[in-house]
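Each chain, written out:
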Amino acid sequence: SVSWLNIVINDVFQLMRPVVQKVVTQMVVPKILEKLPEKLRGIEIDPCELGGVPPQLDQITTEVRERLTRRGLSKSLHITTNLDWNSNLDVGIKGAMGLMKLGLKGVKFSARIHVQFMDLLNRPPFFSGVSVYMTNPLEFDIDWTGALDVLELGVIESTIHKEVNKAVSQVLVLPARIGVPIDTSEGAMTLFNFKRPAPVGLLKLKINRVSGLRGDDFAFSTLWTGKRTSDPYVLTELGGQQWQTSTANGAKGDAHWEDEQHFFFVDEPSDQLFRITVFDDDQVSGDDPLAKLKNVDILQLLGLPSGDGHLLENPHVSRQALRMEQAWTYRAAGYHRGFAQEAPEESSSGLISSMKHAVHVAGEKVTQVWNNKTGASKEEIAKLVTEIELEAEWRPFELNTAVARAEGPISEDMPCCVLYVGVYGAVDLPHPSDDPEYDKNTSYWARVTCLPCLGGDGKPVTELTGEDESPARQRTSNMKKPKGKKTASSGAGVVTDIDKKEDLERKIATLVKHNVPFNEIADVLGIKATDVDHFLSQGSAPAVSHVDIPWEMAFLFLMTSPRGAKLTIEVMRNKDETIGTFAFDAQQLLDCPMLTFDKKNLPLVGDHPACGISVRLQLLTCTSGA
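Helix and strand counts for the protein chain come out as 12 helices and 29 strands. Per-residue burial over the protein chain gives 47% buried out of 626 residues. Within the protein chain, contacts between residues separated by at least 24 positions form 70% of all contacts whose residues are at least 6 apart in sequence. When the accessible surface of the protein chain is summed, it comes to about 31,200 Å², and 54% of that surface belongs to carbon and sulfur atoms.

Shown next, in the form of structure tokens:
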């Protein structure tokens, strides 16, 4: 039974609701408004209340999973549960000058949460760490009330879906996850097994054609043909990964793409699902969805029988056409929940009957506007059959030295291996107090580059231009000095925390500059006069200090071969100051056990030789199928 867990969730939700309310109001809502098309930028959201209904857990299942690691076979306890939230939130949306109004009276969220207690042990703490994640984005429906042009409503709802899932995906949807190491003893499992384990396989997806698309745009040829066109592109999503094709401008029912493909890293092949949506590119009113294919598993993309995950232990190639669902067809047919399409009941009172009749007429008018926009009747739209033709190729990963040593790709357009780069962090980096201009807001980050490599589309990347990120150049997050992590002695035993010590030194220097007697300085600051003497004997220059930065992030690079590929990690301060560089030839991994190199505090080359970096490097080889 999960009833006791739901009681706890209810209590936690009531405590956290004010905090979540503030985050939604100050961060999520502005992001949604920012992404709306220009003509909808005047929209205001007021009120914005979360309501009091808490999320609920349901259908908890458990199983023991096994995975090969450097230390041998590792077992984990895997728990999955459904998290549902039928909220009673209250959100009001007003257009410019209050000319259009609608309400958002409820949102139904659904998510499947995975919790892994990893690397089970026969001693306390009995597992090495915990990992929490979602394999797929949130599923949610929005209950609208009020009256708003259904065309604009579609854009608003689509924007809400994108921005909410984007925010969640960055934290909790694979490949992102929340990982917490528990066992810190010597020889324990590396933290990357919890925070970003290596993916289990690679799926290449190629979009060739979409047929049976409706036309939303009025082209010059429409004057004599009567047929409208569209400017479709295909958006494919797998967890937090996205790929968008180019736009096929002026398509008349069918759209074609040549040599457009993308590689997806797969973490949970039995649970992760693809979402494929065809949009009509529209810079003015926002991109309208034309067709969608939701919750497609890898087996279906490969044309394999569902439910047998063991089939994915071997390579597979497939080419097929899949039927897509017409997006928003129910709205074109006048069935949107936000509008009352039923005729008023005879038994209604005069006032109520008149109000219902007005809403009924308004709903019919919206349907007419929609049909005029699409250039097709609801009967014609219902007859459309939209299909997408695609090719899929699956390769599971292994640690195969023979494959890694092979020259070139294992098949046409298929990489030989993937370089996994885990950056634990850097140590003994110079703190801003070393600089003349003291700046507590100084941030540290690392630029990770691998050349040559392959882009997400499989095309070679041999050189870089500019400073922008690319498949060959990625970066960690910006991090500031962790509070209280580094300490230093003042020499007199007064203060050991660096922040406190430096703050004290600044105060003493200021008072001395204004000729305040030593005994008065000591009284004001609550220290001894001898400590003031000690500070003056050191001089007034800021103390030398250092900081450790724990990025704990991982990066993946596609490669045709590790030979000739060079990895470079530049540790940076602020925008463009290089502290030091670590370089590594990828082919060195061929001589490492399990194709893995895991070292701490490696020296950086630069002006600060005391600085070090800790990394985990690994070659994941694509199964050749030979």
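The structure having been displayed, the exposition proceeds.
Our focus in this paragraph is a nonpolar patch on the surface. A surface patch of nonpolar side chains, amounting to about 860 Å² of accessible area, comprises Trp-4, Val-8, Val-12, Leu-15, Met-16, Val-19, Val-20, Val-23 and Met-27. Tracing the sequence through the fold places Trp-4 in helix 1 (residues 3-35).

Attention shifts here to the packing of aromatic side chains. Going through the model one piece at a time under the given rule, you end up with nine aromatic pairs. Between Phe-13 and Trp-85, the aromatic rings sit 6.1 Å apart at their centres with planes inclined by 65°, giving edge-to-face as the arrangement. With Phe-13 in helix 1 and Trp-85 in strand 3 (residues 72-86), this pair connects stretches of sequence that are 72 residues apart. Just as Phe-13 is buried, Trp-85 falls in that class too.

The next subject is the environment of Trp-257. Its location among the elements puts Trp-257 in the loop between strand 12 (255-256) and strand 13 (261-266). What makes Trp-257 buried here is its relative accessible area of 5%. Linking Trp-257 and Arg-209, residues 48 residues apart in sequence, is a C-alpha distance of 6.1 Å. A distance of 2.9 Å separates the side chain of Trp-257 from the backbone oxygen of Ser-246, its partner in a polar contact.

This part is about the pairing of strand 17 (residues 386-398). Across 10 bridges, strand 9 (residues 201-211) lies against strand 17 in antiparallel orientation. Across the sheet, residue Leu-205 finds its bridge partner in strand 17, namely Ala-392. Judged from the nine bridges that link them, strand 16 (residues 316-326) and strand 17 form a sheet pairing that is antiparallel. Within the sheet, the bridge partner assigned to Gln-320 lies in strand 17 and is Leu-390. Here strand 17 runs beside strand 29 (residues 612-622); their pairing, made up of two bridges, is antiparallel. Each bridged residue has a counterpart across the sheet, and for Phe-397 the counterpart in strand 29 is Cys-622.

For the structure shown, the criterion picks out 17 salt bridges. For Arg-447, the salt bridge identified is with Glu-570, shortest N-O distance 3.2 Å. Of this pair, Arg-447 sits in strand 19 (residues 443-451) while Glu-570 is found in strand 26 (residues 566-573), placing the two residues 123 residues apart along the sequence. On the accessibility criterion, Arg-447 (11% relative accessible area) is buried. Residues Arg-573 and Glu-577 are paired through a salt bridge, measuring 2.7 Å at the closest nitrogen-oxygen approach. Shared partners join several salt bridges into a network, and the residues in it are Glu-63, Arg-65, Glu-268 and Asp-271.

Core analysis: the biggest nonpolar cluster contains 39 residues, and Leu-419, Val-421, Leu-429, Ile-569, Ile-613 and Leu-619 have the highest contact counts within it. When residues of this core are assigned to their parent elements, the largest contribution, six residues, is made by strand 18 (residues 417-430). Setting aside chain neighbours within four positions, we find Val-421 in contact with Val-448, Met-553, Ala-554, Phe-555, Phe-557, Leu-567, Ile-569, Arg-616 and Leu-617. Judged by nonpolar contacts, the second largest core, of 33 residues, contains Val-210, Trp-243, Phe-274 and Met-324.

About the thresholds
- Residues numbered from 1 in each chain as written.
- Predicted model: local features only at pLDDT ≥ 70, side-chain atom pairs only at ≥ 80, totals over all residues.
- Heavy atoms only, no water.
- Helix = DSSP H or I, 4+ residues; strand = E, 2+ residues; numbered from the N terminus.
- Buried < 20%, exposed > 50% of the residue type's maximum accessible area, 1.4 Å probe, protein only.
- Contact = heavy atoms within 4.5 Å.
- Areas by Shrake-Rupley, 256 points an atom, 1.4 Å probe, with all protein chains shown as cover.
- Patch = residues over 30% accessible without salt bridge, like charges linked within 9 Å, V, L, I, M, F, W, Y side chains within 5 Å.
- Salt bridge = Lys/Arg side-chain N within 4 Å of Asp/Glu carboxyl O.
- Phe/Tyr/Trp six-rings, centres within 6.5 Å; stacked < 30°, edge-to-face > 60°.
- Polar contact = N/O pair within 3.5 Å; in protein donor to acceptor, adjacent residues only side chain to side chain.
- Pairing = 2+ DSSP bridges.
- Core = buried A, V, L, I, M, F, W, Y, C linked by side-chain atoms within 4.5 Å.

Remember that the coordinates give geometry; whether it matters functionally is a separate question.
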